[in-house]
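Now for the letters of each chain:
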Amino acid sequence: MNQLSHPQRVRLLYKTILRLHRGLPTELRALGDNYVRDEFRRHLKCNPMETQLFMTEWARYASTITEQVGLRGKPKGELGEELDPQAVEMLKDDQVVQLYELMLAAKGLNGDTITKDDVRGSSKK
């Protein structure tokens, strides 16, 4: 993979993630695909340091999804993982808002009730 140009590596990671999403339940796949498209578009013009972090985190995500749905797309138990509180503390304000909006969308898809703790928990510092 080192012989690929940067745009080729980005495109390969992007397509790999979308392919892995085929193993997700329909609602989560649509949410995930839209989120991935938006994130990859949003980071088209980021600086080299952000690019490295972006690629590392999305590669880690692809690895996690591979473990959870397998290469054949059959879920192997529960999907997702807990967020590290220290990682959340390091997020920029706009990233926290984006994470919160994603949580609301995911809860809405699963028919979960959004509780006061969800709302209060997002504003803690």
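(A) The confidence of the model for the protein chain, seen in detail. With 79% of its residues at a pLDDT of 70 or more, the protein chain shows a mean pLDDT of 81. Element-level mean pLDDT values for the protein chain span from 52 in helix α6 (residues 116–123) up to 94 in helix α1 (residues 6–20).

(B) View of the side chain of Asp33. Mapped onto the elements of the fold, Asp33 is located in helix α2 (residues 26–42). Looking at Asp33, the relative accessible area reads 9%, which means it is buried. Beyond its immediate stretch of four places on either side in the chain, Asp33 contacts Leu18 and His21.

(C) Just α2, in detail. The terminal C-alpha atoms of α2, which comprises 17 residues, lie 24 Å apart, in line with the 24 Å expected from a rise of 1.5 Å per residue. For α2, the full list of buried residues reads Gly32, Asp33, Val36, Glu39 and Phe40. Relative to the axis of α2, the buried residues are bounded by an arc of 140° and lie together on one face.

(D) Layout of the layout of surface pockets. Computed from the structure, the second largest pocket encloses a volume of approximately 290 Å³. Surrounding the second largest pocket, 14 residues form its lining, His6, Val10, Phe40, His43 and Leu44 being those nearest its centre. Among the secondary structure elements, those contributing two or more residues to the lining of the second largest pocket are α1 and α3 (48–69). Counting residues per element, the lining of the second largest pocket draws most heavily on α1, at 6 residues.

(E) Summary view of the pattern of salt bridges. Counted by the stated rule, this structure contains 5 salt bridges. The shortest N-O distance in the salt bridge between Arg42 and Asp38 comes to 2.2 Å. Within this pair, Arg42 and its partner Asp38 are both found in helix α2, separated by 4 residues, close to a single helical turn. The exposure class of Arg42 is partly exposed, given its relative accessible area of 45%.

(F) Geometry of the packing of aromatic side chains. Summed over the entire model, instances satisfying the criterion amount to 6 aromatic pairs. Centroid distance Phe54 to Trp58: 6.2 Å. Interplanar angle 55°. Geometry classified as tilted. Of this pair, Phe54 and Trp58 both sit in helix α3, separated by 4 residues, roughly a single helical turn. With respect to class, Phe54 is no different from Trp58; both count as buried. Here a set of aromatic residues connected by ring pairs shows up, and it is made of Tyr14, Tyr35, Phe40, Phe54, Trp58 and Tyr61.

Calculation rules
- Residues numbered from 1 in each chain as written.
- Predicted model: local features only at pLDDT ≥ 70, side-chain atom pairs only at ≥ 80, totals over all residues.
- Heavy atoms only, no water.
- pLDDT = per-residue confidence, 0-100.
- Helix = DSSP H or I, 4+ residues; strand = E, 2+ residues; numbered from the N terminus.
- Buried < 20%, exposed > 50% of the residue type's maximum accessible area, 1.4 Å probe, protein only.
- Contact = heavy atoms within 4.5 Å.
- Expected span 1.5 Å × (residues − 1).
- Arc of directions from axis to C-beta.
- 1 Å grid on protein atoms, 1.4 Å probe; cavity = no way out; pocket = protein on both sides within 12 Å on 5 of 7 lines; lining within 4 Å.
- Points joined across faces, edges and corners; volume = space filled by probe spheres on them.
- Salt bridge = Lys/Arg side-chain N within 4 Å of Asp/Glu carboxyl O.
- Phe/Tyr/Trp six-rings, centres within 6.5 Å; stacked < 30°, edge-to-face > 60°.

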